[in-house]
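Summary of structural features
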Amino acid sequence: MQTTETFRGSSRMRIAVTGAVGFFVLGVLISVMGPTLPELRSRHGLDATGGAMLLAAYSVGSAVGVGIAGWLRHRAPIQRLLSLGALGLAVGSAGVPAAPNALAAGTCLFVAGLGLGVVDLLLNLLLARAFGGGSGAVLIAVSATFGVSAVLTPLIVGREPADLTLPYLLSAGGAVLLLALTATLRAAPTFAAAGRRATREELRLMLLLGGVLLGYVAFEAGVASWETTHLRDAAGMSAGGAANAVALFWLGVTVGRLASAPLALRWHPGRLALTAMALGTATVAAAAYTPYAVAAYAVTGLVVAPVFPAVISWHARAVPSSRGATRMFAAGLAGPVVGAPLLGVAADATETRAVPWVLAAFGLATALAALVCYRRAETDAPVSAPNTGAAEAVPR
């Protein structure tokens, strides 16, 4: 897959700055949902199942956004699509604190999720094309802004848990800045379709990997979305303390992604994903013992951190045509659509005590899916060499 232009000097710098701001906004929006969920439920009179529907609306929007962006990226300039995605992020985020009822809040979250899906996929594509040929340090630095905002946002919520305005307006304001930056991109390219169709074996592996990614994102989003509620209701923590604890989970994810990079060079990505999910299943189950719940959630973020980039890398090695990565990305973002309602029902039935066990079940199912993929990869023909072009998506 190739762009319609070669990136140079100032163009690459603009893309890097745009990417850094974009990933910062994504980190804010993704990490704000869990810490603010108790206040959203209280404000709109929702039980845990109703709160789960708000999370599901956001997740549906993000999955649809990825699908739309994936389809349009061959037909419209990336600059224009990024602007539309940033606009959706801004409007949706700004509307959440002002929503008069649950339906309006869910609609705003859907719109924000729609924008997130568009921006997430297209920034990944744009950065991969601009810096994927040997500027790995730039990619790491740009994507690190996601981790910074994901850690800071729960701390902001923890200072005033009943105030929805500041965290959601931070997301909206960042999206407005992103909208302004996309206007500075010169002749932002469209992307041509990959040259050949995927083989039947590649399609089978893509389906399995999509299942692993879906399970992982359901697991990650489940922890990030329900940790605050579990710590408040089952562990008796204050609203501020429970919100702050989510920052430790995201810190674990950020540190884990950086620390696992050397291991990723030596291990098959399937082995890495399998090991990480097995460890994450054990550590999240330990959160059921409430005196150690905060530490257990933090360690969970640390150990599962390599899964997302490992699955993307696995796909790039096994499918040289890069076909199907957009669909995998959409499947991953749809994970909470499946996971959130199950967690909501379990939380209502057990006063949130079952949340760690449901998350452990997600982790176990994902680890088993990774095991099936890994064994198939070992028995099939050797995987292809890594795609020397940019993969369809890079880890956020």
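Residues numbered from 1 in each chain as written. Predicted model: local features only at pLDDT ≥ 70, side-chain atom pairs only at ≥ 80, totals over all residues. Heavy atoms only, no water.

Regarding the overall build of the protein
The helix and strand inventory of the protein stands at 15 helices and zero strands. In the protein, which comprises 396 residues, the proportion classed as buried is 56%. A separation of at least 24 residues holds for 87% of the contacts in the protein among residues at least 6 apart in sequence. When the accessible surface of the protein is totalled, it reaches about 15300 Å², and 65% of it is carbon and sulfur. (Helix = DSSP H or I, 4+ residues; strand = E, 2+ residues; numbered from the N terminus. Buried < 20%, exposed > 50% of the residue type's maximum accessible area, 1.4 Å probe, protein only. Contact = heavy atoms within 4.5 Å. Areas by Shrake-Rupley, 256 points an atom, 1.4 Å probe, with all protein chains shown as cover.)

A short note on the confidence of the model for the protein
In this model, the protein carries an average pLDDT of 84, and 84% of its residues clear a pLDDT of 70 or more. Low pLDDT (under 50) marks residues 1-5, which in the prediction has 20 contacts with non-local residues, meaning those over four places away or in another chain. Across residues 381-395 the pLDDT falls below 50, and counting only partners more than four positions away or on other chains, this stretch makes 35 contacts in the model. (pLDDT = per-residue confidence, 0-100.)

Considering helix H8 (residues 239-259)
In this model H8 runs 31 Å from its N-terminal to its C-terminal C-alpha over 21 residues, within 8% of the 30 Å that 1.5 Å per residue would give. Every buried residue belonging to H8 is among Gly 240, Ala 242, Ala 243, Ala 245, Val 246, Ala 247, Phe 249, Trp 250, Gly 252, Val 253, Gly 256 and Arg 257, and all of these are buried. (Expected span 1.5 Å × (residues − 1).)

Observations regarding empty space enclosed by the protein
Within the structure shown, the criterion is met by four cavities of 30 Å³ or more. Of the pockets and cavities examined, the largest cavity occupies roughly 250 Å³. Forming the walls of the largest cavity are 22 residues, and the residues nearest its centre are Ile 30, Tyr 58, Ser 59, Ala 221 and Pro 336. Counting only elements with at least two residues in the lining of the largest cavity, the list comes to helix H1 (9-44), helix H2 (48-72), helix H7 (200-233) and helix H14 (335-350). A total of eight residues in the lining of the largest cavity trace back to one element, the largest contributor, which is H7. Partitioning the lining of the largest cavity into residue classes produces 15 nonpolar, five polar and two charged. (1 Å grid on protein atoms, 1.4 Å probe; cavity = no way out; pocket = protein on both sides within 12 Å on 5 of 7 lines; lining within 4 Å. Points joined across faces, edges and corners; volume = space filled by probe spheres on them. Nonpolar A, V, L, I, M, F, W, Y, C, P; charged D, E, K, R; others polar.)

Things to note about the pattern of salt bridges
A full pass over the atoms with the stated rule returns three salt bridges. As a salt-bridge pair, Arg 257 and Glu 220 come within 3.8 Å of each other at their nearest N and O atoms. Separated by 37 residues along the polypeptide, Arg 257 in helix H8 and Glu 220 in helix H7 bring together distant segments of the chain. Between Arg 353 and Glu 351 there is a salt bridge whose closest N-O contact spans 3.4 Å. The same class applies to Arg 353 and to Glu 351, which are both exposed. (Salt bridge = Lys/Arg side-chain N within 4 Å of Asp/Glu carboxyl O.)

Some details on the packing of H2 against H14
Close contact between H2 and H14 brings their axes to 8 Å; oriented N to C, the two are set at 170°. By the angle between their directions, the pair H2 and H14 is classed as roughly antiparallel. In contact with Ala 48, Thr 49, Ala 52, Met 53, Leu 55, Ala 56, Ser 59 and Val 60 of H2, H14 contributes Pro 336, Val 337, Ala 340, Pro 341, Gly 344, Val 345, Ala 347 and Asp 348. For the contact of H2 with H14, the residue count by class is 12 nonpolar, three polar and one charged. (Axes fitted to C-alpha atoms, helices over the stretch in contact; angles between N-to-C directions. Parallel < 35°, antiparallel > 145°, perpendicular 65-115°, else oblique.)

Examining the packing of aromatic side chains
One pass over the structure, following the stated rule, counts three aromatic pairs. Relative to Trp 250, the ring of Phe 249 lies with its centre 5.3 Å away and its plane at 70°, an arrangement referred to as edge-to-face. Accessibility classification places Phe 249 together with Trp 250 in one group, the buried group. An aromatic cluster of at least three residues, connected via ring pairs, comprises Phe 146, Phe 249 and Trp 250. Its guanidinium or amino end placed over the ring of Trp 267, Arg 271 lies 3.9 Å from that ring's centre, counting from NZ or CZ. (Phe/Tyr/Trp six-rings, centres within 6.5 Å; stacked < 30°, edge-to-face > 60°. Lys NZ or Arg CZ within 6 Å of the ring centre and 35° of its normal.)

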